[in-house]
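Each chain is listed here by its residues.
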Amino acid sequence: MHVSPPLHPPSRRAPNLESLPAEIFAEVASYLSSRTDVLHLSQVSAGAYGKVAPALYADVDLHGAEQCERTLGMIARTPQVARHVRRLTVHPEHEPNPRPCEQYRAWDNAGVVSRCVMRAARNLDALHNFEWDGEDMLPDDRMWAELAARCPRLKFVGTTFGCFLPRPSSSLFQFSDLLGFSLTFKDGFYAHSLHVPSRGGFGPLKGPHVLGLADAAAESEPVFNRLWDMLTLRCPDLEALRIVGHSSEPSEAARLYTARWPKLRYLALGALVWNTHVVPGQAHIALDFKDFLEAHPTIESLSLLGRPSANQLDLSTLDHAALPNLKEFSGSFAHLRMLVDRVPAPEGDNVDQPQAQNGNPIPNQPAPAPAPAPPVAGCTSLTKTLRRVCFPHPMHLRDLTLLTISRVLLSLHALSSIKVTFAIQGGYDSNGILRTIVSSCPHLQDLDISCTNKTSLFLDAFANALRGLTRLRTLALTLVRMPGEEPMHVGASRIALANPRLKSFSIAFIPPHPSAEAGPPPPLERGTFDLTCDAHGLPVCLYVAQWHAAPWAWLWLWPSAWAAFPRAADALAAPAPGPGASAGLAEWFAAFASVLGVDTPLLLLESRAAGVATAGAGDGAAQGFSQRKGAPKGTTRRWLYDLRPSGHPDVVRKGAGALLVERSPAGEEARLMVFCLCLFVLTMWALLSRAIRQV
């Protein structure tokens with residue numbers, strides 16, 4: 001049977017971007033590290049926007065009342081967008097760029113934003129995580145009631161306590177079956193004396209965070225009793241708990257030590273009273289943080305966020321078999337060393353064998369069993385399970401030795417990620433620190449290292465030290481720029497060529513500062529670099545996104561330069577000439593020399609030693625500038641930097657114009673030659689003109 005072909009064969013249209021399934025768009029969006037890139041992908045077309053929207057709105061983080069009102073209003077009006085929101089974080093009192101004309105309404109930001117959340121809650125049926133990050137004022141209590149009623153999938157809740165505490169009947173304490181809870185105590189919690197024993201509900205053994213048992217006549221007893229009742233009685237499957245504060249004073253946690261959550265995996269605590277206490281009326285119960293850790297073998301992430309001086313916790317007595325599944329630790333180096341050096345308890349005391357008075361063995365008596373070998377330190381389960389380590393507070397090298405750091409890191413065989421900050425002092429070998437980390441952790445995949453206070457090392461020396469980390473994938477480097485350092489993108493190219501397996505890394509240059517306790521200052525220059533390699537694994541190019549602070553922001557970030565002005569003014573205002581004036585000038589130039597990273601000349605040092613200038617006003621100016629909030633403004637430049645040599649066949653040859661504007665040694669030489677040629681032409685023109693006039 002013969003079938004005639006159709007008269008009009010179906011047309012084959014070329015596939016376009018909108019014909020791709022939504023799963024492909026979701027996979028592409030997962031590889032984009034910047035939210036801006038995801039937004040640009042969604043703006044390709046109307047069809048692409050609908051397929052990228054789940055990735056674009058899955059995690060919403062809002063800052064300031066204005067942004068919160070606009071975005072939450074849009075979510076309340078468009079249910080098709082709200083159904084994609086799974087995580088919502090609100091910072092109602094954190095304005096990115098505050099304007100003086102709106103300061104009058106800052107006191108009511110919490111109420112306005114919480115009512116916006118309340119109206120948007122009816123569309124947030126897929127919300128899984130909500131966090132309220134306020135400062136002082138309380139949100140409208142109806143917000144918590146609407147979230148509990150309208151968001152059936154909400155399992156993680158976070159909030160803050162500031163100047164005021166919620167009522168005991170607050171809807172915040174009505175949640176059930178939560179999987180995660182976070183509570184942060186802000187500065188207003190301490191500034192308004194809520195930690196005083198007469199108001200905070202503390203007995204003789206209780207501390208400022210109101211985490212323990214409350215007194216009968218305390219003002220906040222019902223509030224924290226309701227909070228702990230919710231967590232311990234109605235949330236038996238709790239998996240994540242975070243309770244921290246902005247104070248380094250230790251806090252009582254007796255109620256925490258008696259709680260038991262069989263599925264607890266993530267635990268983050270601030271400074272607590274770790275000593276053992278007995279609950280009144282229950283003398284048989286010993287409340288100890290070590291007992292709490294031993295009773296929760298499912299913990300995978302442990303963070304002890306208190307200052308090392310306030311966190312007097314002895315983890316060396318923790319049971320050798322405790323924390324068998326710990327994969328991530330954040331805290332002080334002393335705590336990590338205690339966890340690693342735990343010694344197992346002996347199996348039992350040896351039974352004394354009968355023995356003759358003269359020390360000779362009794363005839364026909366079997367020889368006693370040999371004494372068991374002493375337990376070996378550093379053989380805990382952490383050596384096989386711990387993968388990520390973070391030291392949030394700066395480590396002073398004067399308190400540690402390279403041998404101690406190496407011994408602890410060498411015992412962690414599964415360690416693949418480390419984040420550490422070193423406070424550099426004069427006279428310490430910064431290259432030795434890096435060599436110690438590289439030799440002790442050869443299997444690192446993620447490295448985040450910061451060297452604050454003073455200059456530490458050049459980028460080319462850092463690149464040479466990284467050659468031993470053959471598995472490194474991501475890198476974050478923060479340091480003070482060395483005098484004479486090459487441009488950041490050139491140093492980044494050296495790092496990429498030394499370790500071509502890097503996928504992405506970042507570099508930040510910060511100004512020198514005297515103290516590292518308050519954290520590093522905002523950077524002067526910051527760059528992110530994405531490395532692209534060919535099929536053979538050879539580096540091809542770097543995608544560079546480099547940010548520079550505005551020139552007028554440098555004096556903002558360098559308070560030592562401002563401190564030099566009053567010292568020089570005081571010295572120059574001296575009525576009689578003498579060593580004071582020269583000392584003031586020396587102080588002024590020496591301050592600017594240290595800011596710019598230039599060694600102070602010997603002449604200035606001698607002049608500074610000859611006279612003493614007053615520094616009270618300068619210190620006040622420095623302190624005032626150091627307390628400013630916010631980051632300085634700057635400009636961002638993006639470009640593609642080729643890593644292949646100029647003679648490579650695939651490299652585009654540059655013309656004379658491109659060579660003149662190139663930021664490289666060859667470009668500098670070309671510009672110098674052009675400048676010399678211009679000077680020669682001008683000189684010859686002047687000589688010829690003069691000769692013509694004389695003729």
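All residue numbers here refer to positions counted from 1 along the written sequence of the relevant chain. With the structure being a predicted model, the display of local features is reserved for residues of pLDDT at least 70 and the display and counting of side-chain atom pairs for 80 or more, all residues being used for whole-chain, interface and lining totals. As a rule here, side-chain values come from all non-hydrogen atoms in the structure, and water together with hydrogens is ignored.

(A) Structural view of the overall build of the protein. The helix count covers DSSP runs of H or I at least four residues long, the strand count covers runs of E at least two residues long, and both are numbered beginning at the N terminus. A tally of regular secondary structure across the protein gives 25 helices and 20 strands. Think of it in three bands: with a 1.4 Å probe and only protein chains considered, a residue is buried below 20% of the maximum accessible area for its type, exposed above 50%, and partly exposed in between. Buried residues in the protein amount to 43% of all 695 residues. The contact criterion used is simple: two residues touch if any of their non-hydrogen atoms lie within 4.5 Å. For the protein, long-range pairs separated by at least 24 residues make up 72% of all intrachain contacts whose partners lie at least 6 apart in sequence. Areas reported here follow the Shrake-Rupley algorithm with a probe of radius 1.4 Å; residue values treat only the protein chains shown as occluding. Total accessible area on the protein is roughly 37,600 Å²; 58% of this is exposed by carbon and sulfur atoms.

(B) Representation of the confidence of the model for the protein. The predictor attaches a confidence to each residue, called pLDDT, with possible values from 0 through 100. Mean pLDDT over the protein stands at 76; residues scoring 70 or higher make up 68%. Considering each helix and strand of the protein separately, the mean pLDDT is smallest for helix H23 (residues 616-626), with a value of 34, and largest for strand S3 (residues 129-132), with 96. Per-residue pLDDT stays below 50 along residues 197-217; that stretch engages in 72 contacts with residues further than four places along the chain or on separate chains. Considering only residues more than four positions removed or in separate chains, one finds that residues 371-377, a stretch of pLDDT under 50, has ten contacts.

(C) View of the pattern of salt bridges. Between Lys or Arg on one side and Asp or Glu on the other, a salt bridge is scored when a side-chain nitrogen of the former is within 4 Å of a carboxyl oxygen of the latter. Inspection of every chain in the model, using the stated rule, returns 14 salt bridges. Measuring nitrogen to oxygen at the nearest pair gives 2.9 Å for the salt bridge that ties Asp 140 to Arg 142. By relative accessible area, Arg 142 is classed as partly exposed at 48%. One salt bridge in this structure joins Glu 328 and Arg 388, with 3.6 Å as the shortest N-O distance. Note that Glu 328 is positioned in strand S11 (residues 328-330) and Arg 388 in strand S12 (residues 388-390), a separation of 60 residues in sequence. For Glu 328, a relative accessible area of 29% translates into the label partly exposed. The exposure class of Arg 388 is partly exposed, given its relative accessible area of 37%. Residues joined in a network through salt bridges with shared partners are Asp 59, Arg 87 and Glu 131.

(D) The packing of helix H2 (residues 35-42) against helix H3 (residues 46-56), seen in detail. Convention adopted: a line fitted to C-alpha atoms gives each axis, helices being fitted over their contacting stretch, and angles between N-to-C directions are expressed from 0 to 180 degrees. Packing of H2 against H3 brings their axes to within 8 Å, and their N-to-C directions diverge by 160 degrees. Taken together, the axis directions place H2 and H3 in an arrangement best described as roughly antiparallel. From H2, Arg 35, Val 38, Leu 39, Leu 41 and Ser 42 reach across to H3, where they touch Ala 48, Tyr 49, Val 52 and Leu 56. In this classification, the charged set is Asp, Glu, Lys and Arg, the nonpolar set is Ala, Val, Leu, Ile, Met, Phe, Trp, Tyr, Cys and Pro, and all remaining amino acids, among them Gly, are polar. Classifying every residue of the contact of H2 with H3 gives seven nonpolar, one polar and one charged. Each angle gets one of four labels, with under 35 degrees taken as roughly parallel, over 145 as roughly antiparallel, 65 to 115 as roughly perpendicular, and the rest as oblique.

(E) Geometry of empty space enclosed by the protein. Method remark: on a 1 Å grid restricted to protein atoms, a set of points is classed as a cavity if a 1.4 Å probe fits but cannot get out and as a pocket if it is open with protein on both sides within 12 Å along at least five of seven lines; lining residues have an atom within 4 Å of a point. Grid points are joined across faces, edges and corners, and a volume is the space filled by probe spheres set on the points. Tallying each qualifying case throughout the model produces four cavities of 30 Å³ or more. Empty space within the second largest cavity amounts to approximately 50 Å³. In terms of lining residues, the second largest cavity is bounded by Phe 333, Phe 391, Met 395, Ile 405, Leu 409, Ile 418, Val 420, Phe 422 and Ile 437. Ranked by residue count, the leading element in the lining of the second largest cavity is strand S14 (residues 417-423), at three residues. Considered class by class, the residues forming the lining of the second largest cavity number nine nonpolar, no polar and no charged.

(F) Looking closely at the pairing of strand S4 (residues 156-161). In terms of burial, S4 is largely enclosed, as five of its six residues are buried. Here, strands pair whenever DSSP counts at least two bridges between them. Bridge count between S3 and S4: three bridges; the pairing is parallel. Within the sheet, the bridge partner assigned to Asn 129 lies in S4 and is Phe 156. One ladder, built from six bridges, connects S4 with strand S5 (residues 180-185); its direction is parallel. Bridge assignment links Thr 160 to a residue of S5, and that residue is Thr 184.

(G) Spotlight on the side chain of Thr 160. Mapped onto the secondary structure, Thr 160 falls in strand S4. For the purposes of these results, a polar contact is taken to be a pair of N or O atoms within 3.5 Å, where, inside protein, one atom must be able to donate a hydrogen and its partner to accept one; residues adjacent in sequence count only when each atom of the pair is a side-chain atom. Within polar-contact distance, the side chain of Thr 160 engages the backbone oxygen of Gly 134 at 3.1 Å. Excluding anything up to four places from it in sequence, Thr 160 contacts Trp 132, Asp 133, Gly 134, Leu 183, Thr 184 and Lys 186.

(H) Focus on the side chain of Asn 499. Looking at the secondary structure, you find Asn 499 in the loop between helix H18 (488-498) and strand S17 (504-510). The buried category is assigned to Asn 499, whose relative accessible area is 3%. A polar atom in the side chain of Asn 499 sits 2.7 Å from the backbone oxygen of Leu 469. Those residues in contact with Asn 499 that sit more than four places away from it in its chain are Leu 466, Leu 469, Leu 472 and Leu 531.

(I) Up close: helix H13 (residues 333-340). Within the span of H13, buried status applies to Phe 333, His 335, Leu 336, Leu 339 and Val 340. In a view along the axis of H13, the buried residues occupy a sector of 160 degrees, so they form one face of it. The arc under discussion is defined with respect to the helix axis, by the directions toward the C-beta atoms.

(J) Up close: the packing of helix H6 (residues 109-120) against helix H7 (residues 141-150). It is the contact of H6 with H7, at a shortest axis distance of 8 Å, that shows an interaxial angle of 20 degrees. The pairing of H6 with H7 is recorded here as roughly parallel in orientation. Note that H6 runs across H7; the crossing there is left-handed. Contacts between H6 and H7 involve Ser 114, Arg 115, Val 117 and Met 118 from the first element and Arg 142, Met 143, Glu 146 and Leu 147 from the second. Handedness of a helix crossing follows the sense of rotation of the near helix relative to the far helix, less than a right angle counterclockwise being left-handed and clockwise being right-handed.

(K) View of the environment of Val 420. Its location among the elements puts Val 420 in strand S14. Residue Val 420 is classed as buried on the basis of its relative accessible area, which comes to 2%. It is 6.4 Å that separates the C-alpha atoms of Val 420 and Asp 448, two residues lying 28 residues apart in sequence. Other than its neighbours up to four places away in sequence, Val 420 contacts Phe 391, Met 395, Ile 437, Asp 448, Ile 449 and Ser 450.

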